[in-house]
Every structure is written in structure tokens, then in C-alpha cells.
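Each chain is listed here by its residues.
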Amino acid sequence: MKAMILAAGLGKRMRPLTDTLPKPLIPVRGKPLIAYHLEALARAGITEVIINLAYRGAQIQEFVGDGSAWGLQVVYSQEPEPLETGGAIVHAAALLGSEPFILLNADIFTDFDFADLAKRGLTRGAQGHLVLVPNPDFKAEGDFSVQQGYLIARTGIDLGYTFAGMSVINPGLVSRYLSATPRFGLAQVFRSALALRQLTAQVYQGRWSDVGTPERLRLLNEIDSERPGAAAQ
């Protein structure tokens, strides 16, 4: 199974850190964020990784290279501008191929075992499998809910869960979605597919953090990394 790391974003909320550095290269506990993902994918037995690039992409490519430092084969999908999460997959279609792949946001910090996703794959009839997490402090209401293993829309009385930025995707799920522009997000694709019960989901209770603002980064760097589940707070 291949994996794709979404790394093309502008990182506007992380300014001024991202004025000179793309978000995937921001150090977390002394190591560039993307390095954690490459290590985790290699541990899970993944060998082929696609990374999409746009904002300061040359810096990411210079750091990662061909991936051999992690025992990986890394190729790049160069975007003329950030195409968002859905557009990125369409743009990288030739590199991804036709088989399900692991999709991972570059701007999260987690101890999730990606071998779980690689082994799980997709159940018959499913076009995607999403990892959700309990809603973090900065987000009172989640993105989706789960019912009998299927992703469902969050109801008004259900706080739901937050999408963790980790999933297994069948490329056809995105390529068949009709978007008015080449730049579109996966959230709208997911909401269309869940109505057809095409998406399964799981809730992960372990360490997870969205590295979305300088304040969240500061808190993450201050947390004792040995305290179980600390970064999920």
C-alpha cells in the first residue's frame, strides 16, 4: 500500500513561523514534523510515499530527498498552487494509481500505528476509512459521528468526533467526485459519500494533536512526551 502526505498548505495560521519555513518542517520537540510521519510510515511497512508540494516545496524536497534516509521511496506531486486536500489527490492520480492508499495530513502529531490502516485496508463496498479522535479543547463540536462502524453526519445533539487527518482512500472516491474547480477539499467528498454508506470509521483514543497555531505548537513542546496520551489533550 502507498501513502500520501499532504504538505502543500500555506500555513497561514502558523505565521510568522511559516514566513520562512513550510509547516511540515517546523520542529516539534527538536525534529521536523514531517520526519515523524516518515518514520511512522516506514515502521508500518510502507515503502512508497507521495508528497504534494506547493508553498516552499523546494525546502521540503531538499530535506526529504528520495526518502532513502527512512528506507522509503518518495516521489513528489508538484502543484501550481495549493489545491486543497481533494484537488491534491486528483492532481497526483498518476502517482497514486488505482489501489487504496493511506492519506496523512502533514500538520498533525500522533503516535498512531499506521500498520493498523495498512492491514485493515477497505471493507467490501467501502470507498474510504477515516480515523477520528475525541474533540480537542479548541474544537467543541466534531466533524462526524460513527454508527456501527460507518461514518455518519453529526447530529445536533451529538458533539461527534474530529477527523484526525488520517485515512485510507480509494482514489476513485475522489476522482469520481464532480467539483466545479480543481481546488476543493475532502470534507465535501466525505459528506457526499457518507450519505451512501461508503465510508467506515474508527475512533483513536491515543496521542494526537493538530499543530495548527503557534500556541498549539508551544503547548505541544511543553508537554512531557512520556506522559501517556499527553499530546491528545
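Our structure's up above, just so we're on the same page.
Remember, it's a predicted structure, so these values are computed and weren't measured experimentally.

Engineer: An account of the pairing of strand β8 (residues 128-133) is needed here, citing residue identities and associated values.
Structural biologist: Sheet faces and side chains relate simply in a regular strand, where the side chains alternate between the two faces. Most of β8 is tucked away, with six of its six residues classed as buried. Neither face of β8 is left uncovered, since the one carrying Gly128, Leu130 and Leu132 and the one carrying His129, Val131 and Val133 both have all their residues buried. Relative to strand β11 (residues 162-169), β8 is paired through six bridges, and the arrangement is antiparallel. Paired with valine 131 across the strands is methionine 166, a residue of β11. Where β8 and strand β12 (residues 199-203) come together, five bridges link them in parallel fashion.

Engineer: I'd like a rundown of the pattern of salt bridges, residues and numbers included.
Structural biologist: With the rule as written, the count across this model stands at ten salt bridges. Two residues, arginine 154 and glutamate 141, come together in a salt bridge whose shortest N-O distance is 3.1 Å. Residue arginine 154 is located in the loop between β10 (150-153) and β11, and its partner glutamate 141 is located in the loop between β8 and β9 (144-147); the two are separated by 13 residues in the primary sequence. By relative accessible area, arginine 154 is classed as partly exposed at 26%. For glutamate 141, a relative accessible area of 45% corresponds to the partly exposed category. Here glutamate 222 and arginine 218 are joined by a salt bridge, their closest N and O atoms 2.7 Å apart.

Engineer: How would you explain the packing of helix α1 (residues 33-43) against helix α2 (residues 57-64) if you had to name every residue and give the values?
Structural biologist: Viewed as axis vectors pointing N to C, α1 and α2 meet at an angle of 45°, and their least axial separation amounts to 11 Å. By the criterion of interaxial angle, the relationship of α1 to α2 is oblique. For the element pair α1 and α2, the recorded crossing hand is right-handed. Contacts between α1 and α2 involve Ile34, Ala35 and Leu38 on the former and, on the latter, Ile60, Phe63 and Val64. Looking at the contact of α1 with α2 residue by residue, the classes come out as six nonpolar, no polar and no charged.

Engineer: Describe the nonpolar core, listing the residues and the values that go with them.
Structural biologist: Ranked by internal contacts, the top residues of the largest apolar core, which has 35 residues, are Ile5, Val49, Ile51, Val64, Phe114 and Met166. Ranked by residues supplied to this core, first place goes to α1 with five residues. Non-local contacts of valine 49, meaning those with residues more than four positions away in its chain, are made with Ala3, Ile5, Leu41, Leu72, Gln73, Val74 and Val75.

Engineer: Can you lay out unusual backbone geometry for me, pointing to particular residues and giving the numbers?
Structural biologist: The phi dihedral of arginine 56 falls on the positive side, at around 50°, and the residue is not glycine. Of note, arginine 56 is situated in the loop between β4 (48-53) and α2. One non-glycine residue, arginine 197, adopts positive backbone phi at about 55°. Take arginine 197: it is sitting in the loop between α7 (186-194) and β12. By relative accessible area, which is 40% here, arginine 197 ends up partly exposed.

Engineer: Any details on the packing of aromatic side chains? Residues and values, ideally.
Structural biologist: A complete count under the given rule lists seven aromatic pairs for this structure. Plain terms: the ring middles of phenylalanine 112 and phenylalanine 114 are 5.4 Å apart, the flat faces sit at 75° to each other, and that makes the pair edge-to-face. Taken individually, phenylalanine 112 and phenylalanine 114 each receive the classification buried, so the pair is uniform in this respect. Three or more aromatic residues joined by ring pairs make a cluster, and in this case those are Phe112, Phe114 and Tyr204. When the ring centre of tyrosine 150 is taken as reference, the NZ or CZ atom of arginine 197 above it lies at 4.0 Å. When the ring centre of phenylalanine 138 is taken as reference, the NZ or CZ atom of arginine 216 above it lies at 3.5 Å.

What counts, and at which threshold
Once a new chain begins, its residue numbering starts again from 1 and follows that chain's sequence as written. The model is predicted, so local features are restricted to residues of pLDDT at least 70 and side-chain atom pairs to those at 80 or more, both for listing and for counting; the totals for chains, interfaces and linings are taken over all residues. Neither water nor hydrogens contribute to the side-chain values; these are computed over all heavy atoms in the structure. Only protein chains enter the area calculation, which uses a 1.4 Å probe; residues under 20% of their type maximum are buried, those over 50% are exposed, and those in between are partly exposed. Strands here are runs of E lasting at least two residues and helices are runs of H or I lasting at least four, both read from the DSSP assignment and numbered beginning at the N terminus. Only strands that DSSP links by at least two bridges are regarded as paired with each other. Think of a salt bridge as a Lys or Arg side-chain nitrogen and an Asp or Glu carboxyl oxygen that are within 4 Å of each other. Inter-axis angles, ranging from 0 to 180 degrees, are taken between N-to-C directions of lines fitted to C-alpha atoms, where helices are fitted over the stretch in contact. Note that the term roughly parallel is reserved for angles under 35 degrees, roughly antiparallel for angles over 145, roughly perpendicular for angles of 65 to 115, and oblique for everything else. Left-handed describes a crossing whose near helix is turned anticlockwise from the far helix by less than a right angle; the clockwise case is right-handed. Only heavy atoms matter for contacts: two residues are in contact if any of them lie within 4.5 Å across the pair. Residue type decides the class: Asp, Glu, Lys and Arg count as charged, Ala, Val, Leu, Ile, Met, Phe, Trp, Tyr, Cys and Pro as nonpolar, and the leftover types, Gly among them, as polar. To qualify as a nonpolar core, a set must consist of buried Ala, Val, Leu, Ile, Met, Phe, Trp, Tyr and Cys residues joined through side-chain atoms within 4.5 Å. Only Phe, Tyr and Trp rings are paired, with Trp represented by its six-membered ring, and only when their centres lie within 6.5 Å; those with planes under 30 degrees apart are stacked, over 60 edge-to-face, the remainder tilted. By definition, being over a ring means that NZ of Lys or CZ of Arg is both within 6 Å of the ring centre and within 35 degrees of the ring normal.

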